[in-house]
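Breakdown of the fold
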Amino acid sequence: MTSKKRKPADAFGVPLCAYCGVNAGVTNDHVVPRCIFPTPPPPNLVTVPACRPCNHRKKSKDDTLLRDFLCCDHAGHDHPVAQGLFNGKVRRSIARNQSEIAKYVPRTPIFRVPMRTPAGLYVGELEVIEFPPGRISSIIFNIVRGLYYDSRRVIFPASTPYDVLRHPLYEWGNLVPAFHDGAAKVLGHLFACKYIYATEDQFTTLWLIGFWERYVFSVRTGENMPPFKERVITSP
């Protein structure tokens, strides 16, 4: 995901913020949050110019919420990276009353859902809570916007319609062939994505994103991109 195009800039040559496209991008934002990686992180983390309001006031909160979600969700809580982060940064965040998840859980109903294997075999029930509608989806959409900027040097409008769907891990192999001609980005074994876009509308795109080899999301942007037909288990 590279490009030789120049970054959009203001009249003084300062790159514009990759997210709002209005203010000067005076800080560097890690598009895929650095906090979801162990130390040391992959050397090729993607950064884009971002203004302070977009980076510090909003993005930093989104980054830590995504980290806590990945650490606490049943699909990845036993991953070595999740355990390391939870026993370190997440616990400290909870102790300081800075964790959004820790604040949200006590006032959220807990309900049980059946767990089944890919073959449909019932293996018990799982206690779950529901996140605020659309929060995780909006975080992943902003990752898409940042990666697109890094790839094509184009500011992806925040107003673009989008859908974020979560897939079972075993569907990754079935989804990848749809992107055989698409651009790709891989950060070690902890993050991977591929995307394609419509030639007639550069903001009509389709993305496949994976975290920690445990989580799979597809993202559809624009009015005309057809959705995946595979089964979806949840839409955060």
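Read on for an overview of the structure. (Residues numbered from 1 in each chain as written. Predicted model: local features only at pLDDT ≥ 70, side-chain atom pairs only at ≥ 80, totals over all residues. Heavy atoms only, no water.)

**What to know about the overall build of the protein chain**
The cut-off we apply is this: Helix and strand labels come from DSSP, where a helix needs a run of H or I of at least four residues and a strand needs a run of E of at least two; each type is numbered from the N terminus. Buried residues are those whose accessible area, probed at 1.4 Å on protein chains only, stays under 20% of the maximum for their type, while exposed residues exceed 50% and partly exposed ones sit between those limits. Any two residues having at least one pair of non-hydrogen atoms within 4.5 Å are treated as being in contact. In these tables, accessible area is a Shrake-Rupley quantity obtained with a 1.4 Å probe, and a residue counts as shielded only by the protein chains included in the view.
Secondary structure summary: the protein chain contains five helices and nine strands in total. Reading the protein chain from its N terminus to its C terminus gives the helix and strand order β-β-α-α-α-β-β-α-β-α-β-β-β-β. The buried share of the protein chain, reckoned over its 236 residues, is 45%. Across the protein chain, every contact between residues at least 6 apart in sequence was considered, and the portion connecting residues at least 24 apart equals 60%. Carbon and sulfur atoms provide 54% of the accessible area of the protein chain, an area that totals close to 12400 Å².

**A closer look at a positive patch on the surface**
Keep this limit in mind: Exposure above 30% relative accessible area and no salt bridge define the residues that can form patches, which grow by joining like charges within 9 Å and nonpolar side chains of Val, Leu, Ile, Met, Phe, Trp and Tyr within 5 Å. What makes a salt bridge here is a side-chain nitrogen of Lys or Arg within 4 Å of a carboxyl oxygen of Asp or Glu, nothing more. Neither His nor the chain ends contribute to the count of charged residues, in which Lys and Arg are positive and Asp and Glu negative. Lysine's charge is taken at NZ, arginine's at CZ, aspartate's at CG and glutamate's at CD.
Together, Arg34, Lys89, Arg92 and Arg96 make up a region of like positive charge exposed at the surface. With relative accessibility at 54%, the residue Arg96 sits in the exposed group.

**Looking at unusual backbone geometry**
The peptide bond linking Thr39 to Pro40 adopts the cis configuration, its omega dihedral lying at -5°. If you trace the backbone, Pro40 turns up in the loop between β1 (27–30) and β2 (47–50). A positive phi is found at Arg153, a non-glycine position, where the angle reads about 55°. As for its placement among the helices and strands, Arg153 is situated in the loop between α4 (135–152) and β5 (162–167). For Arg153, a relative accessible area of 19% puts it in the buried group. Its identity as a non-glycine residue notwithstanding, Trp212 has a phi of 60°, on the positive side.

**A word on the packing of aromatic side chains**
In plain terms, the rule: Aromatic pairs are defined between Phe, Tyr and Trp rings, using the six-membered ring for Trp, whenever the two ring centres lie within 6.5 Å; interplanar angles under 30 degrees are classed as stacked, those over 60 as edge-to-face, and all others as tilted. Think of it as a cone above the ring: NZ of Lys or CZ of Arg counts as a charge over the ring if it is within 6 Å of the ring centre and within 35 degrees of the ring normal.
What the rule picks out here adds up to 14 aromatic pairs. Pairing Phe141 with Tyr162 gives two aromatic rings, centres 4.0 Å apart and planes at 5°, and the pair type is stacked. In this pair, Phe141 sits in helix α4 while Tyr162 sits in strand β5, placing the two residues 21 residues apart along the sequence. Here the aromatic rings of Tyr148 and Phe156 are separated by 5.0 Å at their centres, their planes lie at 85°, and the arrangement is edge-to-face. In terms of burial, Tyr148 and Phe156 fall into one category: buried. The lysine or arginine in question, Arg152, covers the ring of Tyr197, its NZ or CZ lying 4.2 Å from the ring centre.

**Remarks on the nonpolar core**
Our working rule: Definition used in this section: a nonpolar core is a set of buried Ala, Val, Leu, Ile, Met, Phe, Trp, Tyr and Cys residues joined via side-chain atoms within 4.5 Å.
Of all hydrophobic cores here, the largest spans 49 residues; its most connected members are Leu147, Phe191, Trp207, Ile209, Phe211 and Trp212. At the level of elements, β2, α1 (52–72), α2 (80–95), α4, β7 (191–198), β8 (201–211) and β9 (215–221) are the ones that each hand at least two residues to this core. Examining the composition of this core, we find that nine residues originate from one element, α4, more than from any other. Counting five residues, the second largest nonpolar core, distinct from the first, contains Leu175, Phe179, Leu208 and Val216.

**Observations regarding the environment of Phe86**
If you trace the backbone, Phe86 turns up in helix α2. With relative accessibility at 26%, the residue Phe86 sits in the partly exposed group. Along the sequence, Phe86 and Cys72 sit 14 residues apart, while their C-alpha atoms lie 8.1 Å from each other. Sequence-distant contacts of Phe86, that is, excluding residues within four places in its chain, are made with Cys71, Cys72 and Arg91.

**Notes on the sheet that holds strand β6 (residues 183–187)**
Operational definition: Two strands pair if DSSP finds at least two bridges between them. Geometry is summarised by axes, namely lines fitted to C-alpha atoms with helices restricted to the contacting stretch, and by angles between N-to-C directions that run from 0 to 180 degrees.
The antiparallel open sheet is built from five strands, whose spatial order is β5-β9-β8-β7-β6. One side of each edge strand has no neighbouring strand; the edge strands of this open sheet are β5 and β6. With strand direction ignored, the average angle separating the axes of adjacent strands in the sheet is 15°. Across six bridges, the pairing between β5 and β9 is antiparallel. Bridging across to β9, Asp163 finds its partner in Arg220.

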